[in-house]
Amino acid sequence: MDELDDEAFMGIDIETIEAAHHAAANGVLLRTLQRSFGFEAFREGQQSVMEALLAGRDAAVFWATGNGKSLVYQIPALHTSKTAVVVTPLISLMQDQVNKINVTAGRGERQLAAFLGSAQNDPKIERDALQGRFPLVYISPEKLMSADGQILHALARMAEDKMLLMLAVDEAHCVSEWGHDFRPEYQRLGEFRRAVPGVPIVALTATAVERVQQDIVSSLGMMNPFISRFSFRRANLTLRCQRKIGTGGASVHMASLLSAFKTKGPSSLSSTLIYCPTKRDVESICEYPKMHGISCDHYPAGRTQEERDAVHKAFLCSDVPVVVATVAFGMGIDKPDIRRIIHYGAPKTVEEYYQQVWASQDRYPQMLRLVRCWRRSPRRYECCGIRDSLQLF
């Protein structure tokens with residue numbers, strides 16, 4: 001990890017730097033962590049990133065899922081009561097994170113977080129958010145970079161009034177044209193630096209190879225960022241790869257799922273995601289667990305928003321232990337106890353694969369199974385290739 005140096009402090013308000021050092025020296029950040037979330041101590045690297053951001057320095061965080069990336073912007077915002085604006089790609093993910101903050105740190109009594117985007121129907125929420133009423137404001141890239149520039153202008157005013165703490169870019173691999181999930185709206189986020197100079201930016205992702213990491217830093221206009229990089233390897237993951245069998249093959253590929261159900265009963269069936277490449281596959285594969293009495297639902301394109309929300313909530317609450325979906329569903333899941341992920345078909349790239357299998361955020365054992373067709377899958381995505389690539393991190 002980079003250390004803070006003199007260059008990082010050029011042009012930064014001296015009072016802000018002194019406040020950051022004072023907070024660290026007196027354990028104030030730790031007390032905020034304990035009071036807000038009940039954790040006894042920071043994980044490795046968390047406090048160093050927070051101190052850099054509180055000192056006004058940009059930061060890039062490349063850690064595996066489950067290492068606590070979100071705390072590096074949540075704790076400073078809760079500590080200072082200034083606003084951290086968090087860009088995230090999916091409405092469902094924003095809603096999950098906002099609810100979690102308000103229930104945990106807010107104790108269900110105080111609204112500390114809000115989201116802005118197409119699903120936000122309360123205009124008062126947006127007014128309050130842009131007046132600094134919430135420490136954490138989650139926003140879609142489309143909303144932030146809206147054509148009229150209204151949001152950027154409002155954030156610039158907040159910065160002038162010293163109410164804006166930072167911009168956090170979650171799932172930052174979406175910034176890079178070399179990444180597996182590139183989104184043009186994300187690449188425009190570099191305009192924030194020109195519109196709101198002097199406010200630190202933190203980029204966070206669990207899936208970015210070196211070229212993508214460099215592209216993230218460049219595209220966002222980061223200046224001398226504090227870089228924290230840990231291995232993406234997770235020892236709790238077990239990978240299995242098997243050949244896809246033709247008609248009727250689902251019975252073989254889901255044998256472990258059915259075995260767990262039959263031996264332990266429905267109440268102990270661990271949360272399972274089954275990814276399929278097409279809507280047709282999603283609907284057909286979903287029928288197989290149901291035939292054997294397993295509570296299962298599907299989340300393909302084409303379902304109404306109300307139906308999607310119902311599936312999402314049921315899975316998060318473990319009312320439905322198995323969901324069959326296209327890959328977009330997984331990025332919107334903030335569920336720590338996913339124990340099994342099955343890919344019924346190979347992903348397009350290795351990067352896309354390890355983005356999807358990182359769904360579980362705790363450190364308990366997790367089974368990953370890739371079911372693929374040998375003849376149709378490109379050679380570079382053979383099981384051994386995926387295994388070797390994962391071991392690099």
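Keep in mind the model is a prediction, meaning the values are calculated, not measured. (Residues numbered from 1 in each chain as written. Predicted model: local features only at pLDDT ≥ 70, side-chain atom pairs only at ≥ 80, totals over all residues. Heavy atoms only, no water.)

In this structure, what is going on with the nonpolar core? I would like to understand it.
Here is a general trend for soluble globular proteins: nonpolar side chains tend to be buried in one another's company. Counting 40 residues, the largest nonpolar core has Leu144, Leu155, Val169, Phe192, Ile216 and Leu220 as its most contacted members. At 6 residues, the largest contribution of residues to this core is made by helix α8 (residues 150–160). One finds Leu71, Val72, Val86 and Leu165 within the second-largest nonpolar core, a separate group that totals 35 residues. (Core = buried A, V, L, I, M, F, W, Y, C linked by side-chain atoms within 4.5 Å. Buried < 20%, exposed > 50% of the residue type's maximum accessible area, 1.4 Å probe, protein only. Helix = DSSP H or I, 4+ residues; strand = E, 2+ residues; numbered from the N terminus.)

Would you take a moment to explain the pairing of strand β2 (residues 83–87) for this structure?
For β2, the tally of buried residues reaches 5 of 5 residues, placing the bulk of the element in the interior. A two-sided burial pattern is seen for β2, the buried positions comprising Thr83, Val85 and Val87 on one face and Ala84 and Val86 on the other. Sheet topology places β2 next to strand β5 (residues 164–169); 5 bridges connect them, and they run parallel. Paired with valine 87 across the bridge in β5 is valine 169. For β2 and strand β4 (residues 136–139), the ladder comprises 4 bridges, and the chain directions are parallel. What sits directly across from valine 85, in β4, is valine 137. (Pairing = 2+ DSSP bridges.)

When you look at the packing of aromatic side chains in this model, what are you seeing that I'm missing?
Each aromatic ring pair is summarised here by two numbers: the centre-to-centre distance and the angle between the ring planes. If you walk through the whole model with that rule in mind, you get 2 aromatic pairs. Taking 6.4 Å as the distance between ring centres and 15° as the angle between the ring planes, the aromatic pair formed by phenylalanine 37 and phenylalanine 39 counts as stacked. Overall, the relative accessible area of 22% leaves phenylalanine 37 in the partly exposed class. With a relative accessible area of 43%, phenylalanine 39 lands in the partly exposed category. (Phe/Tyr/Trp six-rings, centres within 6.5 Å; stacked < 30°, edge-to-face > 60°.)

Please explain the side chain of threonine 83 as it appears in this structure.
Summarising the element assignment, threonine 83 is placed in strand β2. Ignoring anything within four residues of it in the chain, the contact list for threonine 83 reads Gly132, Phe134, Pro135, Val137, Met158, Met163, Leu164, Leu165 and Met166. (Contact = heavy atoms within 4.5 Å.)

Would you explain helix α2 (residues 28–37) in this entry?
Along an α-helix, residues three or four apart share an orientation, since each turn contains 3.6 residues. Listing the buried residues of α2 in full gives Leu29, Thr32, Leu33 and Ser36. Along α2, the residues classed as buried sweep out an arc of 100° about the axis, all on the same side. Looking one or two places after α2, you find glycine 38, whose phi comes out positive at around 80°. (Arc of directions from axis to C-beta.)

Teacher, can you tell me more about unusual backbone geometry here?
One can expect most non-glycine residues to show negative phi and most peptide bonds to be in trans. Of note in this structure, arginine 107 is not a glycine but carries a positive phi near 55°. Within the secondary structure, arginine 107 is located in the loop between α5 (91–104) and β3 (113–116). By relative accessible area, arginine 107 is classed as partly exposed at 48%. Positive phi, normally seen in glycine, also occurs at serine 318, with a value near 65°. Within the fold, serine 318 resides in the loop between α15 (305–316) and β11 (322–325).

Sorry if this is basic, but what is going on with the packing of α2 against helix α4 (residues 71–80) here?
The description of two packed helices rests on the angle between their axes and on the distance between the axes. Contact geometry for α2 and α4: axes closest at 9 Å, N-to-C directions at 100°. Viewed along their axes, α2 and α4 adopt a mutual orientation that is roughly perpendicular. Contacts from Val28, Leu29, Thr32, Leu33, Ser36 and Phe37 in α2 reach Leu71, Gln74, Ile75, Leu78 and His79 in α4. Considered class by class, the residues forming the contact of α2 with α4 number 7 nonpolar, 4 polar and no charged. (Axes fitted to C-alpha atoms, helices over the stretch in contact; angles between N-to-C directions. Parallel < 35°, antiparallel > 145°, perpendicular 65-115°, else oblique. Nonpolar A, V, L, I, M, F, W, Y, C, P; charged D, E, K, R; others polar.)

What am I meant to see in the sheet that holds β2 here?
Ordered by their spatial adjacency, 7 strands build an open sheet running β3-β4-β2-β5-β6-β1-β7, and the pairing between neighbours is parallel. The strands lining the two open edges of the sheet, one partner per strand, are β3 and β7 (226–229). Going across the sheet, the axis of each strand differs from the next one's by a mean of 15°, ignoring polarity. Of the pairings in the sheet, the one linking β3 to β4 comprises 4 bridges and is parallel in character. Paired with alanine 113 across the strands is leucine 136, a residue of β4. Lying over the sheet, α5 contacts β3 and β4, oriented at roughly 165° with respect to β3. Contacts from helix α11 (residues 210–219) reach β1 (59–62), β6 (201–205) and β7 within the one sheet, and its direction differs from that of β1 by about 155°.

What exactly am I supposed to notice about empty space enclosed by the protein here?
In this approach a probe as big as a water molecule rolls over the atoms, and the regions it shows empty are the leftover space. Overall, the coordinates contain 2 cavities of 30 Å³ or more when judged by the stated rule. The computed volume of the second largest cavity comes to approximately 40 Å³. In terms of lining, the second largest cavity is formed by Thr83, Val85, Leu116, Ala129, Leu130, Val137, Ile139, Leu144, Ile151 and Leu155. Contributing elements (two or more residues each) for the lining of the second largest cavity: β2, β4 and α8. Looking at the lining of the second largest cavity residue by residue, the classes come out as 9 nonpolar, 1 polar and no charged. (1 Å grid on protein atoms, 1.4 Å probe; cavity = no way out; pocket = protein on both sides within 12 Å on 5 of 7 lines; lining within 4 Å. Points joined across faces, edges and corners; volume = space filled by probe spheres on them.)

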